[in-house]
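Residue strings, one per chain:
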Amino acid sequence: MNLRELVSALNDFASPALAESWDNVGLLVEPSPPHTVNTLFLTNDLTEEVMEEAVQKKADLVLSYHPPIFAPLKRVTWKTWKERLVVRALENRIGIYSPHTAYDAIPHGVNNWLTKGLGTCTSVPLHPSTAPSCPAEGTHRVEFCADAEHLDAVLSKIKDIPAISCLTTLPVRVEGEEQTRVSLNCSQKALLEVVALLSQNNFLYHKTEILLLQKPLLPHTGMGRLCTLSEPVSLSDIVERIKGHLQLPHVRVAVAAGRTLESPVKKVALCAGSGSSVLKGTEADLYLTGEMSHHDVLDAVANGISVILCEHSNTERGFLSELRDALAIHLQNKINIVVSEKDRDPLQVA
């Protein structure tokens, strides 16, 4: 496939608009066009060892779940390992694409894969995603009616207010009089100025309607998951299930105050990777994530919530095999898809 065609297909699989605002997703390194992709190489972390593996396997595009370029690069030299990744990629005509939190949000993504380690359960996003393009602009819509005497003057003043969009007018008949219905979108700050302007004229002000523009929620899409098990099971059983699902010999467990390993677990809040900010404040019997700060673990335990930590990328990497199969279907088996064998969490139990 042509690189640009493939990137478009990957964006259709998981829209970059679903990623968190702080994230750096999409095509990060692009060889000069035209660039044909025969082999797509999947990894959780693009390290130098993994890059050499991609070169050996003749990859044309690396899909790295974590973006290897996050903080801006001021130069591309051989001095630092992330700069060297870019150099090696371009020398070998390998593109780099990263989906990161877009894959966290989608219904067929990383967090849903992680829920499969709990056993039979239902799940909903902890922080649902909203439709990224609806509405296009503004936080509020203001509508009011004006007669010919006031219309031109008020429109002239409104157009001078910043952050006004979607301004439309429509002839209407109100109580037997010919008037004009004015509708506009505006920001929260601009709303104060619009209301102040309209309030100068009682006729306009009493015919004003203000609507809060809310983007619709996307079903089954968003950050984190709150899972309700079909039957409660002991914390020790959940630990064994998670170890089996992630193929780990060990995980770290903090038992909630007043609980034991045999205490029942019914509700689990989870977040692949680093879960502190996503899980914080959620009522559950158990938090499951890769890593949390020491003090956030203490807070959870004191609030009667047990914690299982598996190390950051251990809660993500196993998804790559499922992703390979899903992308093969999505891309109609047009390209070869390979999962890295060198990719691993940097932390090991010694």
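Every chain begins its residue count from 1, and numbering advances along the sequence as written. Since the coordinates come from a predicted model, pLDDT governs what is reported: local features require at least 70, and pairs of side-chain atoms require 80 or more to be given and counted, while whole-chain, interface and lining totals use all residues. Heavy atoms throughout the structure, all of them, feed into the side-chain values; hydrogens and water do not.

**Concerning the layout of surface pockets**
Taken as a whole, the largest pocket encloses approximately 390 Å³ of empty space. Both site types are read off a 1 Å grid over the protein atoms alone. A 1.4 Å probe that fits but cannot get out defines a cavity, while an open set with protein on both sides within 12 Å along at least five of seven lines defines a pocket; lining residues have an atom within 4 Å of a point. Lining the largest pocket are 24 residues, with Glu20, Trp22, Thr101, Met223 and Val278 positioned closest to its centre. Helical segments are the DSSP runs of H or I of at least four residues, strand segments are the runs of E of at least two, and each set is numbered from the N terminus. If you list the elements that add at least two residues to the lining of the largest pocket, you get α4 (101-105), β5 (121-130), β10 (217-234), β12 (264-274) and α10 (276-279). Residues of the lining of the largest pocket, tallied by class, amount to 10 nonpolar, 11 polar and 3 charged. Residue ranges assigned to each domain were obtained from an automatic or database domain assignment. Here the lining of the largest pocket gathers at least three residues from each of two domains, domain 1 (3-99) and domain 2 (106-129 + 220-313). Grid points are joined across faces, edges and corners, and a volume is the space filled by probe spheres set on the points. By the convention adopted, Pro, Cys, Tyr, Trp, Phe, Met, Ile, Leu, Val and Ala count as nonpolar, Lys, Arg, Asp and Glu as charged, and the other residues, Gly among them, as polar.

**Overview of the domain arrangement of the protein chain**
Looking at the assigned domains, one finds that the protein chain contains domain 1 (3-99), domain 2 (106-129 + 220-313) and domain 3 (140-212). Each of domain 2 and domain 3 was reduced to a C-alpha centroid, and the two centroids are 50 Å apart.

**Brief notes about the state of the cysteines**
Covalent bonding between the sulfur atoms of two cysteines defines a disulfide. We call a pair of cysteine sulfur atoms a disulfide whenever their separation is within 2.5 Å. Tallied over the full model, the rule gives 0 disulfides. In this model Cys186 remains outside any disulfide bridge; the closest cysteine sulfur is found in Cys166, 11 Å from its own. The buried category is assigned to Cys186, whose relative accessible area is 0%. In this structure Cys227 is a free cysteine whose sulfur lies 4.5 Å from that of Cys121, the closest cysteine sulfur available. Categorising residues by exposure relies on relative accessible area from a 1.4 Å probe, with only protein chains included: less than 20% of the type maximum marks a residue as buried, more than 50% marks it as exposed, and the intermediate range marks it as partly exposed.

**Observations regarding the sheet that holds strand β4 (residues 95-98)**
The strand order across the open sheet formed by 5 strands is β1-β4-β3-β2-β15, and the pairing between neighbours is mixed. Looking at the sheet topology across the chains shown, the edges are occupied by β1 (26-29) and β15 (336-339). This sheet shows a mean twist of 25° between the axes of neighbouring strands, independent of strand direction. By definition in these notes, contact holds between two residues if any of their heavy atoms fall within 4.5 Å. Convention adopted: a line fitted to C-alpha atoms gives each axis, helices being fitted over their contacting stretch, and angles between N-to-C directions are expressed from 0 to 180 degrees. Sheet contacts for helix α12 (residues 319-330): β2 (39-43), β3 (61-64) and β15; angle to β2, the most-contacted strand, approximately 150°. At least two bridges found by DSSP between two strands are what make those strands a pair.

**Observations concerning the pairing of β12**
Looking at chain direction, β10 and β12 are connected through 6 bridges and run antiparallel. Along β12, the bridge assignment pairs Val233 with Val265. Pairing analysis gives 5 bridges linking β12 to strand β13 (residues 286-291), with the strands arranged parallel. By the bridge assignment, Cys271 is partnered in β13 with Thr289.

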